[in-house]
Amino acid sequence: MQPGVRRPLQDQLQQAPACRGRPAPATRPQTRRRGRFRSTSGPGRHLAAEFAEARWIREWTGAAKQQAVEGTLRVPLQTSTWKGKLYAVPYNTNTQLLWYRKDLVPTPPRTWAEMLDMAGALARQGKPHFVEIQGAQYEGLTVWFNTLINSAGGSILNASATEPSLGPPAVRAAGIMRELANSPAADPSLSNQMEDQNRLAMESGTAAFELNYPFVYPSMKANNPELFKNFRWAPYPRVDPNRPARPTIGGIDLAVSAYARRPDLAFDAALCLRNRENQLTAALEGGLPPTLRALYDEPAFMKEYPFSAEVLAALESASVRPITPVYQNVSIAVSHTLSPPSGIKPESSVNTIREQIDDALRSEGVIP
């Protein structure tokens, strides 16, 4: 799974190098995995848009906002913004790359079509050929669809998040998912696979390609040193040869509760946790890609992250999950309709998604 916060932020504040000696805030910041929002004192599954719309978190303004946005990558900031206002600050980020075996694939594919052709050729030769990707009925399936539709030049929602967009790019995205699922490239367990199952399959030697987050790199190194010698990375495959892929980002954002007794200290704590020194520490020790652009030129980070250039390029052209207060309903509509991927009927499936998203945006209908 994607790396996340493993202990309360107040504990992190005490241990963070740049924050030692400072008083712990009376009110802790809240943390949100990009695509999931959770308080340090209790669970939650909402986006910044939902918390902002409910007036549960504070807007970032003035000097705090200036510090939050200065030097921060553009796309991660989109996840923290609702109706033109900043409601959270990116702590770290994440994005998928294409991981492949160089002993099987001397030159990595640039497009989905090339990758499926290569997988088919390997299958005919009796060699490992699976394409590992998240096909289970959960948010990872929504992320796959979101990446493909954005890479095809479209989006799930319109720019104002008031109605579904979809259209031909969505049909094309759904078609690619169906094509993979019904090809020799499909892992037999595709419809039940999440990120960790993909990692394990690649490490077992049955796959030639994997679409996943950078955590798979140190895992392969530790678990299969022999296979690691041929474990390489490349940009996420394109849908169109002349249009860069737009993988959906992940990561963690920090927000301040609207009910904070000392919001000034909470804002300070959030800024401290994601400053240059602490983001570098999180990147080197926790494998979490930073959101500060300057860190991608940091020698220590470049050494630890030999794929840092590809991660940065992906982040600069990336997409985000649909930004809406009803994101969870949107995500469920997508993942439910597209599961299992082998059963996708591109045009009718997209029409079903459109109807269900339209109901969700109007607070009507029943969630599947």
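Residues numbered from 1 in each chain as written. Predicted model: local features only at pLDDT ≥ 70, side-chain atom pairs only at ≥ 80, totals over all residues. Heavy atoms only, no water.

> Describe the side chain of Asn198, listing the residues and the values that go with them.
Looking at the secondary structure, you find Asn198 in helix 8 (residues 195-204). Here Gln193 takes part through its side chain, which lies 3.3 Å from a polar atom of the side chain of Asn198. Here Asn198 is in contact with Glu132, Ile133, Gln134, Gln193, Glu210 and Asn212, once residues within four sequence places are set aside. (Helix = DSSP H or I, 4+ residues; strand = E, 2+ residues; numbered from the N terminus. Polar contact = N/O pair within 3.5 Å; in protein donor to acceptor, adjacent residues only side chain to side chain. Contact = heavy atoms within 4.5 Å.)

> Summarise the pairing of strand 10 (residues 250-255); cite the residues concerned and give the values.
With 6 of 6 residues buried, strand 10 lies mostly within the body of the structure. Alternating positions in strand 10 separate into two faces, Gly250, Ile252 and Leu254 on one and Gly251, Asp253 and Ala255 on the other, with burial throughout. Here 5 bridges tie strand 5 (residues 89-94) to strand 10, and the two strands are oriented antiparallel to one another. Looking at strand 10, one finds that Asn92 is bridged to Ile252. (Buried < 20%, exposed > 50% of the residue type's maximum accessible area, 1.4 Å probe, protein only. Pairing = 2+ DSSP bridges.)

> Explain the packing of helix 6 (residues 139-151) against helix 15 (residues 327-337) residue by residue, including any values.
In contact at an axis separation of 8 Å, helix 6 and helix 15 are set at 85 degrees when each is read in the N-to-C sense. On the basis of the axis angle, helix 6 is roughly perpendicular to helix 15. Here Glu139, Leu141, Thr142 and Phe145 of helix 6 come into contact with helix 15, specifically with Tyr327, Ser331, Val334 and Ser335. In terms of residue class, the contact of helix 6 with helix 15 is made up of 4 nonpolar, 3 polar and 1 charged. (Axes fitted to C-alpha atoms, helices over the stretch in contact; angles between N-to-C directions. Parallel < 35°, antiparallel > 145°, perpendicular 65-115°, else oblique. Nonpolar A, V, L, I, M, F, W, Y, C, P; charged D, E, K, R; others polar.)

> Help me get a handle on the packing of helix 7 (residues 168-181) against helix 16 (residues 346-361), residues and values and all.
Interhelical geometry of helix 7 versus helix 16 gives an angle of 120 degrees and a closest axis separation of 9 Å. In terms of orientation, helix 7 and helix 16 fall into the oblique class. Like other packed secondary-structure pairs, helix 7 and helix 16 cross with a definite hand, here right-handed. Here Ala170, Val171, Ala174, Gly175 and Arg178 of helix 7 lie close against helix 16, whose contacting residues are Pro346, Glu347 and Val350. (Left-handed = near helix turned anticlockwise from the far one by under 90°.)

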